[in-house]
Amino acid sequence: MTKRELVRKVLNGEATQITPSCFSLHFPQEDKFGERTIKAHLQFFKDTDTDIIKIMNENAFPANPGVYSAVDFKRLRVQDSNSAFVQNQVDLVKAILDKADSDKYPMCTIQGVIASLGHSMRPQYQPLSEIRALQCQCYRENPQILKDAVSRVTESLCYLVRAVIEAGCESIFYAVLGGEKDCFTREEAEDIQAPFDKAVMEAAKVAGGKVILHLCKTNLDFERFTSYAPYIDGINWGVYENSIPLEEGIKLFPGKTILGGLEHRSGVIKDGSIEEIKAEVHSLRQKMKGYPFILGADCTLATDQDRNKIKAAVEAARDIL
């Protein structure tokens with residue numbers, strides 16, 4: 001069975017004897033675009049031998065300078081399939097998959113609707129807390145204007161997910177922000193976020209792709225995302241930064257593949273020895289025995305993460321226990 005076939009089985013909800021793995025990191029600034037990012041991805045895949053080749057996405061939604069109130073979001077325009085926003089990522093996907101190991105399972109990172117709306121506010125606003133606070137303020141000031149803007153972002157992301165799946169990715173890693181308890185309330189999120197996230201995920205499914213939902217940042221309201229379950233095949237979240245154990249994900253998202261298990265910026269993957277990493281991976285696999293499970297981390301690893309340690313975790317996931 002190839003690595004690609006193994007991942008397909010797990011994303012179809014099957015428990016397997018060996019465990020596939022998926023790790024990623026943000027490359028240094030000089031390696032985020034162009035030919036350098038193609039080489040950086042391929043070297044990372046070679047160094048770590050992960051079963052899933054997760055293609056990063058630094059092609060952010062275009063900036064909308066001068067956002068001070070809700071009305072300023074009216075300037076946002078749909079980025080269609082011919083836009084640089086879509087084509088730059090498609091070109092990256094094609095270039096990487098043309099040279100990558102075809103034995104492995106291809107996945108593309110897609111930033112969610114609230115995250116992409118936040119990207120449109122840069123570089124004027126930088127800290128995430130500042131971006132999120134202004135989004136909430138503008139929504140409460142004029143909900144319809146913000147919903148119209150998010151609708152255009154959603155249409156753009158639908159073009160993007162369809163294009164990257166057509167380009168060869170079998171799934172998307174859908175990175176959702178905005179689920180922090182001190183951001184939108186649950187009721188507000190049901191209006192300004194959930195329907196739009198679901199539309200993007202549904203577009204991926206209709207295009208023939210799988211969806212892994214990624215939830216990060218601290219103070220996460222995990223339960224508000226249970227309504228996303230019909231649109232996803234797997235889920236990954238901040239287990240350690242939010243103290244939400246793997247067992248909680250199994251309970252709230254029954255039948256869905258769980259991706260994760262390791263801390264992303266501390267713990268054994270950062271500070272442990274090779275033997276300690278192997279022992280932790282074996283322990284995680286025993287805990288997840290009988291459930292569809294992909295070994296990974298809470299979120300992206302540190303840019304300077306020791307890749308030998310990642311490879312040790314990947315290899316331990318393949319041991320017959």
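First, a word on scope: everything that follows refers to the structure included in this document. (Residues numbered from 1 in each chain as written. Predicted model: local features only at pLDDT ≥ 70, side-chain atom pairs only at ≥ 80, totals over all residues. Heavy atoms only, no water.)

1. Structural notes on the pattern of salt bridges
Scanning all chains against the criterion turns up 20 salt bridges. One salt bridge connects D49 with K104, and the closest N-O pair in it is separated by 2.8 Å. Here D49, found in the loop between helix 2 (34–48) and strand 1 (52–55), pairs with K104, found in the loop between helix 3 (84–99) and strand 2 (105–111); they are 55 residues apart in sequence, far enough to count as distant. Where D191 meets K147, a salt bridge forms, and the shortest distance between an N and an O atom there is 2.9 Å. Here the residue D191 occupies a position in helix 7 (residues 186–192), and K147 occupies one in helix 6 (residues 143–166), the gap between them amounting to 44 residues. Using a relative accessible area of 24% as the deciding quantity, one classes D191 as partly exposed. When salt bridges that share partners are traced, they join D49, D51, K104 and R318 into one network. (Salt bridge = Lys/Arg side-chain N within 4 Å of Asp/Glu carboxyl O. Helix = DSSP H or I, 4+ residues; strand = E, 2+ residues; numbered from the N terminus. Buried < 20%, exposed > 50% of the residue type's maximum accessible area, 1.4 Å probe, protein only.)

2. A short note on helix 11 (residues 274–287)
With 14 residues, helix 11 should reach 20 Å at 1.5 Å per residue; the first-to-last C-alpha distance of 20 Å fits that figure. Residues of helix 11 that are buried include every one of I277, V281, L284 and R285, and no others. Angular distribution of buried residues about the axis of helix 11 spans 100°; they occupy a single face of the element. Where helix 11 is buried, its residues meet helix 9 (246–252), strand 6 (257–262), helix 10 (268–271), strand 7 (293–297) and helix 12 (307–316). (Expected span 1.5 Å × (residues − 1). Arc of directions from axis to C-beta. Contact = heavy atoms within 4.5 Å.)

3. Brief notes about the packing of aromatic side chains
We describe a pair of aromatic rings using the distance from one ring centre to the other and the angle between the two ring planes. For the coordinates displayed, the defined rule picks out 7 aromatic pairs. On the numbers, 6.4 Å between centres and 70° between planes, the contact of F44 with F45 is edge-to-face. For F44, a relative accessible area of 3% corresponds to the buried category. By relative accessible area, F45 is classed as buried at 5%. For the pair F225 and Y228, a centre-to-centre distance of 5.1 Å together with 85° between the ring planes defines the contact as edge-to-face. Take F225 and Y228: they sit in the same class, and that class is buried. The positively charged end of R162 is found above the aromatic ring belonging to Y159, 5.4 Å away from the centroid. (Phe/Tyr/Trp six-rings, centres within 6.5 Å; stacked < 30°, edge-to-face > 60°. Lys NZ or Arg CZ within 6 Å of the ring centre and 35° of its normal.)

4. Some details on the pairing of strand 6
For strand 6, a buried count of 6 out of 6 residues is recorded, marking the element as mostly surrounded by other parts of the structure. Inspection of the sheet shows strand 5 (residues 234–237) paired to strand 6 by 2 bridges, in the parallel sense. Within strand 6, the position partnered with I235 by the bridge is I258. Of the crossover connections in this fold, the one passing from strand 5 over helix 9 to the parallel strand 6 is right-handed. As defined by bridge partners, strand 6 adjoins strand 7 across 5 bridges and the pair is classed as parallel. Each bridged residue has a counterpart across the sheet, and for L259 the counterpart in strand 7 is I294. (Pairing = 2+ DSSP bridges. Right-handed = clockwise from strand over helix to strand, strands pointing away.)

5. Some points on the side chain of S120
Here S120 lies in the loop between helix 4 (113–119) and helix 5 (128–141). When its relative accessible area of 0% is taken as the criterion, S120 is described as buried.

6. Concerning the environment of K270
Mapped onto the fold, K270 is located in helix 10. Residue K270 is classed as partly exposed on the basis of its relative accessible area of 46%. Setting aside residues up to four positions removed in sequence, K270 forms contacts with R265, Q305 and K309.

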